[in-house]
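# Fold and contact review
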2 protein chains.
Amino acid sequence: MNPRPKLRSPPPSSVVISPGSPPKSLINKMPRKFTRSTLTLATTLFSILALYAFFNTFIFSDPPNNVSSVSFSRNYNTQNLKSVKVYMYDLPRKFTYGVIESYALARGGEKQSDDSLLKYPGNQHSAEWYLFSDLNRPSLERVGSAATRVMNPEEADLFYVPFFSSLSLVANPIRSNNAVVAPVERPAYSDEETQESLIEWLEQQEYWKRNNGWDHVFICQDPNALYKVVDKVKNGVLLVSDFGRLARNQASLVKDVILPYSHRINTYTGDIGVENRNSLLFFMGNRYRKEGGKIRDLLFQLLEKEEDVIIKHGAQSRESRREARKGMHTSKFCLHPAGDTPSACRLFDAIVSLCVPVIISDHIELPFEDVVDYRKIAIFVDSNTAVKPGFLVKKLRKVSMERVLEYQRELKKVKHYYEYEDPNGTVKEIWRQVSLKLPLVRLMINRDKRLVKREFTEPDCSCLCSNQTGILTTL
Amino acid sequence: MNPRPKLRSPPPSSVVISPGSPPKSLINKMPRKFTRSTLTLATTLFSILALYAFFNTFIFSDPPNNVSSVSFSRNYNTQNLKSVKVYMYDLPRKFTYGVIESYALARGGEKQSDDSLLKYPGNQHSAEWYLFSDLNRPSLERVGSAATRVMNPEEADLFYVPFFSSLSLVANPIRSNNAVVAPVERPAYSDEETQESLIEWLEQQEYWKRNNGWDHVFICQDPNALYKVVDKVKNGVLLVSDFGRLARNQASLVKDVILPYSHRINTYTGDIGVENRNSLLFFMGNRYRKEGGKIRDLLFQLLEKEEDVIIKHGAQSRESRREARKGMHTSKFCLHPAGDTPSACRLFDAIVSLCVPVIISDHIELPFEDVVDYRKIAIFVDSNTAVKPGFLVKKLRKVSMERVLEYQRELKKVKHYYEYEDPNGTVKEIWRQVSLKLPLVRLMINRDKRLVKREFTEPDCSCLCSNQTGILTTL
């Protein structure tokens, strides 16, 4: 049996005021007792310190004879029981605030006198902003995070490279009729040049060279972010949305972390229920996409005639977000077909809307899948089955209201994982996921440096393979 | 900076006897003070309990809104900060004590009236015995282990299958001239039948079927152990010596754990030093091996004429172990060529002998490589270079005494990882390594169950690939 301690009471307020001491108001009137009470308090405080020391010495201390011990597992402290030490590079401005500025200027914004006035624009790839801001917060506000920021790189387990690679992709000046807007006053920003210049900068860093990049963490949430240099950073832990644009030797579930997109519509704050969810299925988004997303047009053709289904073509805009929010908050199910790559932000909009996602994206990878069982919150249908005429709506109409409520109940339990602004939300979970990579990172660092020449007919890979043959639908 | 608490004193003995209380011997003579002292003690104790409760409630408790939370990361308790919950199957006797009995009977042993009288025979694959015994110890003796045993399978994160698969391999009756010894009185033990019967037994277990085996842990330390059924257990976490006999879709560094062999010669208990280590290089073992081990004969030919090298052919016996101990305790370097598979127990004998290992085994995988940097304790030479006439001894003779001492110092720091009997040794580290697999195990369980039909031209694998081209030698 698990010897989990049972003591939970008395309440924490008893820690300082001990039961033997008189109420505070009486203290001044009782000089003799005051002395005794002081003694008791001193004793209590001392005991607390002693106990603290005991914990610190015997329970949280490093075991003896322990070289190259992993901070991940052993450097516990009371604030941060299993945190890894992360050093965030102080990158040249052009890789962080400079990207925001270029983005703003290209859209007619004003130059700001102070970086703190620059506002990272709202978009689905803003994890890069949230992580950067999080590490910049005072350590007292970061209690409980799996990543402790260290200011000395020598102490670091991992190195975070906070380049705003997704915003950089779209910071290029908007082109109209192939002419760059205002090319004279503002030299055109170039994402590709910025990517390459990041690598040049990194290649001068001692810690980048030291372990061949294995202990570096990069964020490239837009599937096209860092595309030009990804081969140079592929040893690192990549924070990505999916593996749609990445080769098997560049990224994997084992080495990297799948992030949720930031949801773009407001969270549904009401309780679970189906009374106000009159439409069966909702989808709003681009009808025409490349690759896996081609299924969208087929689904439109099938679904747009169904009475209880709302399916609309729409691009990103404030107006369409407002409409999407209304749709997602008043539908039982929300369709999630693949985009150009298997992932799309719509899934996370559906989750925070408590609108049960119907995922039609055969190659999708999902964030935090060790702690979230997506079968409890979503329905999966394989593409071939989904496009059979009548299949989808027929099946969805048959789902009982009790079952919908159950999905909603589960959605409510996990939705904090998709809230970047929740202190117990996405950012915290991303760091936890990153911290879990440390043992493998250490292993690869040590192993790579002692490997001797070998003759291989195939690459030297350690894999985790799925042996499932695949199911058709979880409906 | 890492806000690690600095308090380490006062010493733990102060925890119970508070400074305000009189020495124990005075208590009976001081009735009034006794009362006060009792009050102080009670207060102190109460504060301790309160503080404990505070810790338990606020620091170690599960965060709110946390469904399907991973015990690995969140179910802290003071004894076992990041333990996973392991259920050990109560296997039918024939898979545990029955194997020891069959082994003993086949070697002329007596039938024992009580399983506690059965002695697991000393051998290099005895990790299976140590893990089984460890989980059978009272939980109070297992404080600090990363694996907490639970008696209710419903609570378990992982399921340990304690079949003595390595001993089973050699428990077949010894054949002399192809005739089974005493076939009439004792029906021949069959390892293959036992393996198959284990699978039959497992297939009736609800928890085996539930997650397709991903959350099951098997030990197969002998590279041939479980060979007949390994395809059926390949989803599980395998505790192995190397991947010599395993296919890439059966085992990997990512999914499995590399164990050290139990060392077979006594630990060197003296201090570091080279005064009593007069021979340069020592090796004793089988000259002729299959596959990677063919290099042994070549090395014998090269090295047996060198004056300061001791290289001897020898098989396992008490006498040769005695001789090997003498050699390893009095040599600076100990040769570790590949055996039939890349690993061999000799490496671990060398480590506990503080005899710097010279590893000539290009495909070797090493235990606990996330916490042990083997370049600090061993020398790696690639096979092609090692067999160049004169190369090895010339290089080794050039290593400074200071450098040898440095290797020894590092060996001393890590040798507890190779001591199965050390409470802070191998067994504890194996469970830590197993516990690190849990997030990936959970991920694979959840992911496999929601995967829909996909068309793949290659297996669906997540890999970690080494991009190194290989070095020749770390000398």
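Residues numbered from 1 in each chain as written. Chains lettered and ligands numbered in written order. Predicted model: local features only at pLDDT ≥ 70, side-chain atom pairs only at ≥ 80, totals over all residues. Heavy atoms only, no water.

An unreviewed UniProt entry lists chain A under the name Exostosin GT47 domain-containing protein, with Solanum pinnatisectum as the source organism. Recorded in UniProt for chain A, the comment headed Sequence similarities (unreviewed entry) runs: "Belongs to the glycosyltransferase 47 family." Regarding chain A, the UniProt comment filed under Subcellular location (unreviewed entry) reads as follows: "Golgi apparatus membrane". (UniProt positions renumbered as here; feature names shortened; annotations may be inferred.)

## Concerning the state of the cysteines
One way to say it: the disulfide is the covalent bond shared by the sulfur atoms of two cysteines. This structure, assessed with the given rule, holds five disulfides over all chains. Two residues, Cys465(A) and Cys461(B), share a disulfide whose sulfurs are 2.1 Å apart. Measuring handedness by torsion sign, the sulfur bridge of Cys465(A) and Cys461(B) sits at about 105 degrees and is right-handed. In this pair, Cys465(A) sits in strand E14 (residues 460-465) while Cys461(B) sits in strand E14 (residues 461-466), so the two residues belong to two different chains. We classify Cys465(A) as buried; its relative accessible area is 12%. One disulfide bridge connects Cys334(B) with Cys355(B), the sulfur atoms lying 2.1 Å from each other. (Disulfide = S-S within 2.5 Å. Helix = DSSP H or I, 4+ residues; strand = E, 2+ residues; numbered from the N terminus. Buried < 20%, exposed > 50% of the residue type's maximum accessible area, 1.4 Å probe, protein only.)

## Topic: helix H3 (residues 97-106) of chain A
Residues and elements named next belong to chain A. Burial of H3 is extensive: seven of the ten residues sit out of reach of the surface. Turning to H3, its buried residues are Gly98, Val99, Ile100, Glu101, Ser102, Leu105 and Ala106. Residues of H3 that are buried make contact with helix H4 (127-136) and helix H5 (165-170). Phi for Gly108, located one or two positions after H3, is positive at around 85 degrees. (Contact = heavy atoms within 4.5 Å.)

## Focus on empty space enclosed by the protein
Inspection of every chain in the model, using the stated rule, returns twelve cavities of 30 Å³ or more. Lining the largest cavity are 33 residues, and of these Val254(A), Leu436(A), Leu440(A), Leu436(B) and Leu440(B) sit closest to its centre. Those elements giving two or more residues to the lining of the largest cavity turn out to be strand E8 (257-258), helix H15 (426-436) and helix H16 (438-450) of chain A together with strand E8 (257-258), helix H15 (426-436) and helix H16 (438-450) of chain B. Taken together, the residues of the lining of the largest cavity break down into 23 nonpolar, two polar and eight charged. (1 Å grid on protein atoms, 1.4 Å probe; cavity = no way out; pocket = protein on both sides within 12 Å on 5 of 7 lines; lining within 4 Å. Points joined across faces, edges and corners; volume = space filled by probe spheres on them. Nonpolar A, V, L, I, M, F, W, Y, C, P; charged D, E, K, R; others polar.)

## A closer look at the nonpolar core
Side chains of nonpolar character tend, in soluble globular proteins, to be buried together. Residues Leu239(A) and Leu239(B) are the most contacted members of the largest nonpolar core, which totals 238 residues. Ignoring any residue separated from it by four or fewer positions in sequence, one finds Leu239(B) in contact with Leu131(B), Tyr160(B), Val217(B), Phe218(B), Ile219(B), Cys220(B), Gln221(B), Val257(B), Leu259(B), Ile430(B) and Val434(B). (Core = buried A, V, L, I, M, F, W, Y, C linked by side-chain atoms within 4.5 Å.)

## Here we look at the sheet that holds strand E2 (residues 147-149) of chain A
Residues and elements named next belong to chain A. Strand order in the open sheet made by the six strands is E2-E1-E3-E6-E7-E8, with parallel pairing throughout. Looking along the sheet, the strands with just one partner apiece sit at the ends: E2 and E8. Of the pairings in the sheet, the one linking strand E6 (residues 216-219) to strand E7 (residues 237-240) comprises three bridges and is parallel in character. In the sheet register, Phe218 faces E7, and the bridge partner there is Leu238. (Pairing = 2+ DSSP bridges.)

## A closer look at the pairing of strand E1 (residues 84-88) of chain A
All names here are of chain A. Within E1, five of the five residues are buried, leaving the element largely enclosed by the surrounding structure. Of the two faces of E1, the one holding Val84, Val86 and Met88 and the one holding Lys85 and Tyr87 are both buried throughout. Bridging between E1 and E2 involves three bridges; their strand directions are parallel. Among the inter-strand pairings, Val84 is bridged to a residue of E2, identified as Ala147. Pairing of E1 with strand E3 (residues 158-161) involves three bridges; the strand directions are parallel. The partner of Val86 across the bridge, within E3, is Leu158.

## Structural notes on the confidence of the model for chain A
Residues and elements named next belong to chain A. Mean pLDDT over chain A: 83, with 79% of residues reaching 70 or higher. In the model, residues 1-35 has pLDDT below 50 throughout and makes 53 contacts with residues more than four positions away in sequence or in other chains. For residues 176-184, every residue scores under 50 in pLDDT, and the model assigns this stretch five contacts once sequence neighbours within four places are set aside. (pLDDT = per-residue confidence, 0-100.)

## Considering the side chain of Ser168(A)
Checked against the element boundaries, Ser168(A) lands in helix H5. Discounting residues that sit within four places of it in the chain, Ser168(A) has contacts with Val99(A), Phe163(A), Tyr189(A), Asp191(A) and Thr194(A).

## A word on the packing of H4(A) against H15(A)
Residues and elements named next belong to chain A. Running from N to C, H4 and H15 cross one another at 85 degrees; their axes reach a closest spacing of 10 Å. The pairing of H4 with H15 is recorded here as roughly perpendicular in orientation. Counted together, Tyr130, Leu131, Asp134 and Leu135 of H4 and Val427, Ile430 and Trp431 of H15 form the full contact between these two elements. (Axes fitted to C-alpha atoms, helices over the stretch in contact; angles between N-to-C directions. Parallel < 35°, antiparallel > 145°, perpendicular 65-115°, else oblique.)

## Thoughts on the pattern of salt bridges
Here the structure, examined in full by the defined rule, presents 60 salt bridges over all chains. Arg93(A) is paired through a salt bridge with Asp115(A); the nearest N and O atoms lie 3.0 Å apart. Residue Arg93(A) is found in the loop between E1 and H3, and its partner Asp115(A) is found in the loop between H3 and H4; the two are separated by 22 residues along the sequence. Judged by its relative accessible area of 24%, Asp115(A) is partly exposed. With its nearest N and O atoms 2.9 Å apart, the salt bridge here joins Glu369(A) to Arg450(B). With Glu369(A) in the loop between strand E12 (356-360) and strand E13 (379-380) and Arg450(B) in helix H16, this pair bridges two chains. Overlapping salt bridges bring together Glu365(A), Glu369(A), Arg447(B), Arg450(B) and Asp460(B) as one network. (Salt bridge = Lys/Arg side-chain N within 4 Å of Asp/Glu carboxyl O.)

## Things to note about the packing of aromatic side chains
To describe a pair of aromatic rings, you give the distance between the ring centres and the angle between the ring planes. Residues and elements named next belong to chain A. Scanning the model with the defined rule gives 40 aromatic pairs over all chains in all. Each ring, one from Tyr120 and one from Trp129, has its centre 5.7 Å from the other, and the planes form 15 degrees; the classification is stacked. The exposure class of Tyr120 is buried, given its relative accessible area of 7%. Taking the relative accessible area as the measure of exposure, Trp129 reaches 22% and is therefore partly exposed. Ring centres 5.8 Å apart and planes at 85 degrees place the aromatic pair Phe283 and Phe300 in the edge-to-face group. A residue pair is termed long-range when its members are at least 10 positions apart, and Phe283 in strand E9 (residues 279-285) and Phe300 in helix H9 (residues 295-303) qualify at 17 residues. For the pair Phe283 and Phe300, one class covers both residues: buried. An aromatic cluster is built from Tyr87, Tyr89, Phe159, Trp201 and Tyr207, whose rings are joined through pairwise contacts. Taking NZ or CZ as reference, Arg403 lies 3.8 Å from the ring centre of Tyr407, over its face. (Phe/Tyr/Trp six-rings, centres within 6.5 Å; stacked < 30°, edge-to-face > 60°. Lys NZ or Arg CZ within 6 Å of the ring centre and 35° of its normal.)

## Focus on the environment of Phe164(B)
With respect to the helices, strands and loops of the structure, Phe164(B) is situated in the loop between strand E3 (158-161) and helix H5 (165-170). Taking relative accessible area as the criterion, Phe164(B) reaches 0% and is therefore assigned buried.

## Thoughts on the pairing of strand E9 (residues 279-285) of chain B
All names here are of chain B. Taking burial as the measure, the seven residues of E9 include seven buried ones, the bulk of the element. Pairing analysis gives three bridges linking E9 to strand E11 (residues 331-337), with the strands arranged parallel. Note on E11: the bridge partner recorded for Leu281 is Phe333. In this sheet, strand E10 (residues 309-313) lies alongside E9 in parallel orientation, the contact comprising five bridges. Note on E10: the bridge partner recorded for Phe282 is Ile310.

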